[in-house]
Amino acid sequence: MTDARIIDGKVYSQNVRDSVAAEVAELKAKHGLTPGLAVVLVGEDAASQIYVRNKGKQTEECGMLSVTRRLPADTAQGDLVAIVKALNADPAIHGILVQLPLPDHLDSNEVIAAIDPAKDVDGLHVVNAGLLANGQPALTPCTPLGSMIMLKETLGDLRGLNALVIGRSNLVGKPIAQLLLQADCTVTIAHSRSRDLPALCRQADILVAAVGRPEMVRGDWVKPGATVIDVGINRVPSRDPVAAAEGKTRVVGDVAFDEAKAVAGAITPVPGGVGLMTVACLLQNTVTAAKRQAGL
Ligand code: NDP
């Protein structure tokens, strides 16, 4: 059996960004509308700082307005909610993203609930989750959106395929399952209490891993020819023992890539897969939000 086709996040995310940039140019030229994205970052979490910098850079590269609000780690709940509400009222801002996780003293549910659903480009507000569950136009979380683009580009028609999603978070697992259902897949959602996960995986034509456990899904769990979407981003010690002793790390997914690639039909790498699509789809969601707010 030949190795799986690699689903290259660089190629797909570049395509999404190119189409976003073209749409932004048209919105500016025809309607004088510049989509604006505000990202709110509370605290000094190193990974979040990198994500937020990346989002700002890519937003500007697509011709959009990028606003970053950096707040100290001890920001009070009321102050954070007030900042979100001010962004809701700002006509130059069409998308608002509060970078998660928030410091422990803050209630993320209350903060998300304060975001105007029309500007909720992370798709986490209950209104957007409800619209998605109802099959109505919603702002959909970015990682699920990116995963579906990759699946549709790889497989074309998904109708009738068995899809297994491992993970049931509001950010990834549940919305991916909803989108797979909308695409007429037969969907199973697995989680930490599921029995015999390897057997569930072996039935899946589409296997989506969104767990947060490094290389948990082994090669012999994968159905031959299946399409594997690895959402996981996990830091593990570097392969080189000297570097590992110095605290150096590398990023791996939730799937044991080398094993799975020998069995799957197609697979996303980590890094270089789903993660790149997430930011690209955030830009796409901002354009979608701007157009809807302008009645276009
Ligand atoms: P959460 O921690 O919110 O959810 C993890 C899910 O995995 C839970 O539903 C949990 O089950 C399930 N789970 C945990 N252990 C097991 C197990 N042993 N067997 C089966 N299921 C298990 O994580 P997220 O959904 O936010 O993120 C998942 C992964 O995706 C992480 O690695 C994260 O870093 C990554 N991620 C990547 C993004 C990207 O852009 N590529 C974006 C967002 C996240 P239960 O509900 O029972 O606890």
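Residues numbered from 1 in each chain as written. Predicted model: local features only at pLDDT ≥ 70, side-chain atom pairs only at ≥ 80, totals over all residues. Heavy atoms only, no water.

(A) View of the sheet that holds strand E1 (residues 5-6). Strand order across the open sheet formed by six strands is E1-E11-E8-E7-E5-E6, with parallel pairing between neighbours. The sheet is open, and its two borders are formed by E1 and strand E6 (186-190), each paired with just one other strand. By the bridge criterion, two bridges tie E1 to strand E11 (residues 266-267) in an arrangement that is parallel. In the strand pairing of E11, isoleucine 6 is matched with isoleucine 267. (Pairing = 2+ DSSP bridges. Helix = DSSP H or I, 4+ residues; strand = E, 2+ residues; numbered from the N terminus.)

(B) Here's a closer look at the nonpolar core. Membership of the largest hydrophobic core comes to 36 residues, with the highest contact counts inside it found for Val20, Leu158, Leu180, Ile206, Val208, Ile229 and Val231. Counting residues per element, the ones that place at least two in this core are helix H1 (9-31), helix H6 (142-155), strand E5 (162-166), helix H7 (173-182), strand E7 (206-209) and helix H11 (274-293). The element best represented in this core is H11, accounting for six residues. When residues of this core are sorted by domain, at least three fall in each of domain 1 (33-116) and domain 2 (142-275). With sequence-adjacent residues up to four places away left out, valine 231 is seen in contact with Thr143, Ser147, Val172, Ile176, Val208, Ala209, Ala210 and Val274. Listed in part, the 19 residues of the second largest apolar core include Ile166, Leu197, Val217 and Val228. (Core = buried A, V, L, I, M, F, W, Y, C linked by side-chain atoms within 4.5 Å. Buried < 20%, exposed > 50% of the residue type's maximum accessible area, 1.4 Å probe, protein only. Domains from an automatic or database assignment. Contact = heavy atoms within 4.5 Å.)

(C) Unusual backbone geometry, seen in detail. In this structure, proline 101 follows leucine 100 across a cis peptide bond, with omega equal to 0 degrees. A cis amide bond links valine 270 with the next residue in sequence, proline 271, at an omega value of -5 degrees. Mapped onto the elements, proline 271 comes out in the loop between E11 and H11. For aspartate 184, which is not a glycine, the phi torsion comes out positive at approximately 70 degrees. One can find aspartate 184 in the loop between H7 and E6. Although it is not a glycine, glutamate 215 sits at a positive phi angle of roughly 55 degrees. As for its position among the elements, glutamate 215 is in the loop between E7 and strand E8 (227-230).

(D) Broad picture of the environment of leucine 106. For leucine 106, the location among the structural elements is in the loop between strand E4 (95-98) and helix H4 (108-114). The exposure class of leucine 106 is buried, given its relative accessible area of 9%. Separated by 29 residues in sequence, leucine 106 and glutamine 77 have C-alpha atoms that sit 5.7 Å apart. With residues near it in sequence (within four places) discarded, leucine 106 still touches Val42, Thr75, Ala76, Gln77 and Leu80.

(E) Looking closely at the domain arrangement of the protein chain. For the protein chain, the assigned domains read domain 1 (33-116) and domain 2 (142-275). The gap between the C-alpha centroids of domain 1 and domain 2 is 28 Å.

(F) How the structure looks around the site of the ligand. Among the 22 residues in the neighbourhood of the ligand, the closest are listed as Arg168, Ser169, Ser192, Arg213 and Thr278. One of the side-chain N or O atoms of serine 192 is found 2.5 Å from an oxygen atom in the ligand. Contact with the protein chains hides 70% of the accessible area of the ligand, taken as 920 Å² for the molecule alone. Class assignment of the residues belonging to the shell around the ligand gives a composition of ten nonpolar, ten polar and two charged. (Near = heavy atom within 4 Å. Polar contact = N/O pair within 3.5 Å; in protein donor to acceptor, adjacent residues only side chain to side chain. Areas by Shrake-Rupley, 256 points an atom, 1.4 Å probe, with all protein chains shown as cover. Nonpolar A, V, L, I, M, F, W, Y, C, P; charged D, E, K, R; others polar.)

(G) Inspection of the layout of surface pockets at higher detail. Reported here for the second largest pocket is a volume of approximately 350 Å³. Around the second largest pocket sit 17 residues that line it, and Leu124, His125, Val126, Ala129 and Asn170 are the ones nearest its centre. The set of elements that each furnish at least two residues to the lining of the second largest pocket consists of H4, helix H5 (126-134) and H7. The residue inventory of the lining of the second largest pocket, partitioned by class, reads ten nonpolar, six polar and one charged. If you count residues domain by domain, the lining of the second largest pocket takes at least three from each of domain 1 (33-116) and domain 2 (142-275). (1 Å grid on protein atoms, 1.4 Å probe; cavity = no way out; pocket = protein on both sides within 12 Å on 5 of 7 lines; lining within 4 Å. Points joined across faces, edges and corners; volume = space filled by probe spheres on them.)

(H) Region of interest: the pattern of salt bridges. Tallying each qualifying case throughout the model produces eight salt bridges. In this structure, glutamate 23 and lysine 291 form a salt bridge, with 2.4 Å as the shortest nitrogen-oxygen distance. Here lysine 291 lies in helix H11 and glutamate 23 lies in helix H1, a separation of 268 residues in the sequence. By relative accessible area, glutamate 23 is classed as partly exposed at 28%. According to the relative accessible area criterion, lysine 291 is partly exposed, its value standing at 26%. Of the charged contacts, one joins lysine 248 and glutamate 246 as a salt bridge, the two residues approaching to 3.2 Å between their closest N and O atoms. (Salt bridge = Lys/Arg side-chain N within 4 Å of Asp/Glu carboxyl O.)

(I) Looking closely at the pairing of E4. The two faces of E4 match: Gly95 and Leu97 on one face and Ile96 and Val98 on the other face are all buried. The pairing of strand E2 (residues 36-42) with E4 spans four bridges and is parallel. In the strand pairing of E4, valine 40 is matched with valine 98.

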